[in-house]
Amino acid sequence: AVKLWNEWCRTSNTTNVLPTDSFCLFYRLISDPTVLLCQCSCYVAEDQQFQWLEKVFGHIRKEGLQVTILSTCPVADYKTQESTLTLPSPFLKALKTKEFKEQVCCPLLEQPNIVRDLPAAVLSYCQVWQIPAVLYQCYTDVIKLDTVTIEAFKPLLSSETLKNLVKDVSESTKSLKKLLTTNENHNNIYI
Amino acid sequence: MFVPCEGGGPDLQGFTLLMPAVSVGNVGQLAIDLVISTLRMTKIGYFYTDCLVPMVGNNPYATSNENSVELSINAEVYSLPSKKLVVLQIRSPFIKNKYRPFCQALLSWVESSKCARVILLSSSHAYQRDDEQLLGTPLRYLLTPALEKAVGGHMQELKWKEMEKIAAYPGINDAEKVLHIPGGGITKLLFTESCSKGIQMAVLLKFCSEGDNIPDAFALVNYLNEWLQLIKSKGSHSTDISPEQEIPDTASQWKIPSSWRLLFGNGLPPALF
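Residues numbered from 1 in each chain as written. Chains lettered and ligands numbered in written order. Predicted model: local features only at pLDDT ≥ 70, side-chain atom pairs only at ≥ 80, totals over all residues. Heavy atoms only, no water.

Looking up chain A in an unreviewed UniProt entry gives the name Proteasome assembly chaperone 1, with the organism given as Anser cygnoides.

> When you look at the overall build of chain B in this model, what are you seeing that I'm missing?
The helix and strand tally for chain B stands at 6 helices and 12 strands. For 273 residues, the compact-globule estimate of 2.2 N^0.38 gives 19 Å, and the C-alpha radius of gyration of chain B, at 19 Å, lies within 12% of that figure. As presented, chain B carries roughly 12,700 Å² of accessible surface, and 53% of it is formed by carbon and sulfur atoms. (Helix = DSSP H or I, 4+ residues; strand = E, 2+ residues; numbered from the N terminus. Rg over C-alpha atoms; globule rule 2.2 N^0.38 Å. Areas by Shrake-Rupley, 256 points an atom, 1.4 Å probe, with all protein chains shown as cover.)

> Hey, could you run me through the packing of helix H1 (residues 27-38) of chain B against helix H6 (residues 214-228) of chain B in this one?
Helix-helix packing is described using two parameters, namely the angle between the two axes and the distance between the axes. All names here are of chain B. Their axes nearest at 8 Å, the elements H1 and H6 cross at an angle of 65°. Between H1 and H6 the crossing geometry is right-handed. Only Ile-214, Asp-216, Ala-217, Phe-218, Leu-220, Val-221 and Leu-224 of H6 make contact with H1, whose side of the interface consists of Val-27, Gly-28, Leu-30, Ala-31, Leu-34 and Val-35. For the contact of H1 with H6, the per-class residue count stands at 11 nonpolar, 1 polar and 1 charged. (Axes fitted to C-alpha atoms, helices over the stretch in contact; angles between N-to-C directions. Left-handed = near helix turned anticlockwise from the far one by under 90°. Contact = heavy atoms within 4.5 Å. Nonpolar A, V, L, I, M, F, W, Y, C, P; charged D, E, K, R; others polar.)

> Which parts of the structure should I look at to understand the sheet that holds strand S3 (residues 42-47) of chain B?
Across a sheet, strands are paired by hydrogen bonds formed along the backbone, either parallel or antiparallel in direction. All names here are of chain B. With respect to topology, 8 strands assemble into an open sheet ordered S1-S3-S6-S7-S2-S8-S12-S9, the strand pairing being mixed. Edge positions in the sheet fall to strand S1 (2-4) and strand S9 (139-143), since each has one partner strand and no second. Looking at each pair of strands side by side, their axes are set apart by 25° on average, direction ignored. The pairing of strand S8 (residues 117-125) with strand S12 (residues 201-208) spans 8 bridges and is parallel. Bridging from a neighbouring strand, His-125 pairs with Cys-208 of S12. (Pairing = 2+ DSSP bridges.)

> What's the story with the interface of chain B and chain A in this structure? I'm lost.
Accessible area lost when the parts come together is the quantity often used to give the size of an interface. Every contact between the two is made by 30 residues of chain B and, on the other side, 36 residues of chain A. Where chain B abuts chain A, roughly 2,800 Å² becomes buried across the two surfaces, and 62% of that area is made up of carbon and sulfur atoms. The tally of links from chain B across to chain A stands at 1 salt bridge. Lys-98 of chain A is the salt-bridge partner of Glu-6 of chain B, the closest N and O atoms lying 3.8 Å from each other. Considering every element that reaches the side of chain B that touches chain A, the biggest residue donor is strand S4 (residues 55-58) of chain B, with 4 residues. Residues belonging to the side of chain B that touches chain A are distributed by class as follows: 18 nonpolar, 9 polar and 3 charged. (Buried area = accessible area lost by both parts, 1.4 Å probe. Salt bridge = Lys/Arg side-chain N within 4 Å of Asp/Glu carboxyl O.)

> Could you clarify how one ought to interpret the pattern of salt bridges in this entry?
Residues and elements named next belong to chain B. The full count for this structure, using the stated rule, is 10 salt bridges over all chains. Taking the shortest distance from any N to any O, the salt bridge between Asp-216 and Lys-206 comes out at 2.8 Å. Of the two residues, Asp-216 is situated in helix H6 and Lys-206 in strand S12; the sequence distance between them amounts to 10 residues. Lys-206 carries the same exposure label as Asp-216, and that label is buried. Members of the salt-bridge network, linked through shared partners, are Lys-43, Glu-70, Glu-76 and Arg-91. (Buried < 20%, exposed > 50% of the residue type's maximum accessible area, 1.4 Å probe, protein only.)

> Sorry if this is basic, but what is going on with a nonpolar patch on the surface here?
There is a patch of nonpolar side chains on the surface, built from Leu-268, Leu-272 and Phe-273 of chain B and spanning about 410 Å² of accessible area. Given the relative accessible area of 56%, Leu-268 of chain B is considered exposed. (Patch = residues over 30% accessible without salt bridge, like charges linked within 9 Å, V, L, I, M, F, W, Y side chains within 5 Å.)

> How should the pairing of S12 of chain B be read in this particular structure?
In regular strands, side chains alternate between the two faces of the sheet. All names here are of chain B. Burial within S12 is extensive, with 8 of its 8 residues counted as buried. Burial along S12 is two-sided: the face carrying Met-201, Val-203, Leu-205 and Phe-207 and the face carrying Ala-202, Leu-204, Lys-206 and Cys-208 are both buried. Of the pairings in the sheet, the one linking S9 to S12 comprises 5 bridges and is antiparallel in character. Within S12, the position partnered with Leu-142 by the bridge is Val-203.

> What should I look at first to understand the packing of aromatic side chains in this one?
Between two aromatic rings, the relevant description is the distance of the centres plus the angle of the planes. Residues and elements named next belong to chain A. The full count for this structure, using the stated rule, is 16 aromatic pairs over all chains. Taking the centre distance of 5.0 Å and the plane angle of 70° together, the rings of Tyr-78 and Phe-91 count as edge-to-face. Taken together, the positions of Tyr-78 in the loop between strand S3 (65-74) and strand S4 (91-96) and Phe-91 in strand S4 put the pair 13 residues apart, joining distant regions of the chain. Phe-91 shares its class with Tyr-78; the two are buried. (Phe/Tyr/Trp six-rings, centres within 6.5 Å; stacked < 30°, edge-to-face > 60°.)

> So what exactly am I meant to see when it comes to unusual backbone geometry here?
For residues besides glycine, phi is generally negative; the peptide bonds are generally trans as well. Cis geometry marks the peptide bond from Ser-89 of chain A to Pro-90 of chain A; its omega dihedral reads 5°. Mapped onto the secondary structure, Pro-90 of chain A falls in the loop between S3 and S4. A cis amide bond links Gln-111 of chain A with the next residue in sequence, Pro-112 of chain A, at an omega value of -5°. Looking at where Pro-112 of chain A falls in the secondary structure, it is placed in the loop between S4 and strand S5 (114-116). Phi at Asn-26 of chain B is positive, roughly 55°, even though this residue is not glycine. Residue classification places Asn-26 of chain B among the partly exposed positions, given a relative accessible area of 36%.

> Just to check I follow, could you spell out the environment of Ala-133 of chain A for this structure?
Residue and element names in this part refer to chain A. Inspection of the secondary structure puts Ala-133 in strand S6 (residues 133-140). Among the residues examined, Ala-133 registers a relative accessible area of 0% and is labelled buried. A C-alpha to C-alpha distance of 11 Å links Ala-133 and Pro-119, two positions 14 residues apart in sequence.

Here it is in structure tokens:
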């Protein structure tokens, strides 16, 4: 596991990871070892995002690499002509790097909206170093994770990347999925 | 570090590098947006650095559905070879303690790419002005000694005002003067570093306050245009520009990019009224 210490993360040095601990965990799919999943349940501070990236991507081969990032954020952050009060949420928006040639499962994020934090850091890295990557950002009005918000990600299951996992097609694509969720520790009031 | 979009990277020898400081009102950055948008500059690469807060979004200069899907990151480089102009745009704040590393990385790139000179667009807190500065133009310039030799005379002709130095110990000893640019972000550091390295750098700044800084951006970009003549100003006439080089006419025809929409938030819920 990649261990980072910052003021947001209160977990001490231990190998027994509890569900409530703030950690980034990496899993490898048994049926297809080319698929890696990273679950990030801590907030990575802005002055550590770069080091996080260098450490994680430093250990992965770039050939055939494809990255999918899943993230959520408050719908109040979404910039649109109408008020966000009337928008049916949750909804999914995507951003992709130049090298990502597949179909995205939802509309792209329109100007002038932007994405910050670790998802932005990962996507920036992939854009600069020409790695195909896609970010699916779910705008939700619920603070805690719930089934409705998770359901919003359903269209992804029929995407090219995940179809491969089910059918076990041997392609030389390695996929890395990062699941980032906002949780109570990450309180936007203090930013 | 500079990472080109493709290939080995463009030849920037002799080019002018135009860039903003992240400063009060983000005026420099807004002005750079106007330059890139109006001159329809092409993106040639990224300035990949750990000194800026990460951010991404779709093409902020999109004019149609086709070109709106290109991803942009927090520091990107654009160029206009016909004017030997290369522009760096910075879109997010600096991370704590990263001013100096950024300045070093930037200046070493300027030196290695053999850019002729750097122009920094910046701003400074209007409330810090003294009595004399409250009168007259809010625009100022600074030149490093290396550039002073080349264009100092031109500034005199344009009747531009040089940024005044203030007393190091006001009230105690008025003899010793220092450069002070409150709210200027990396401006002072980049300027002093350029002076010591003999780099040709100019700083163009405007006194302003936080708020609706769009008029400040226009003022600053018109100030720049007096010198660089990037777009034709009202009244000037040029018959030797071919149709391919045709650029927008009049100083008021700076093109506002699509990303400037909703600068002050979303629409209001109708139920409010």
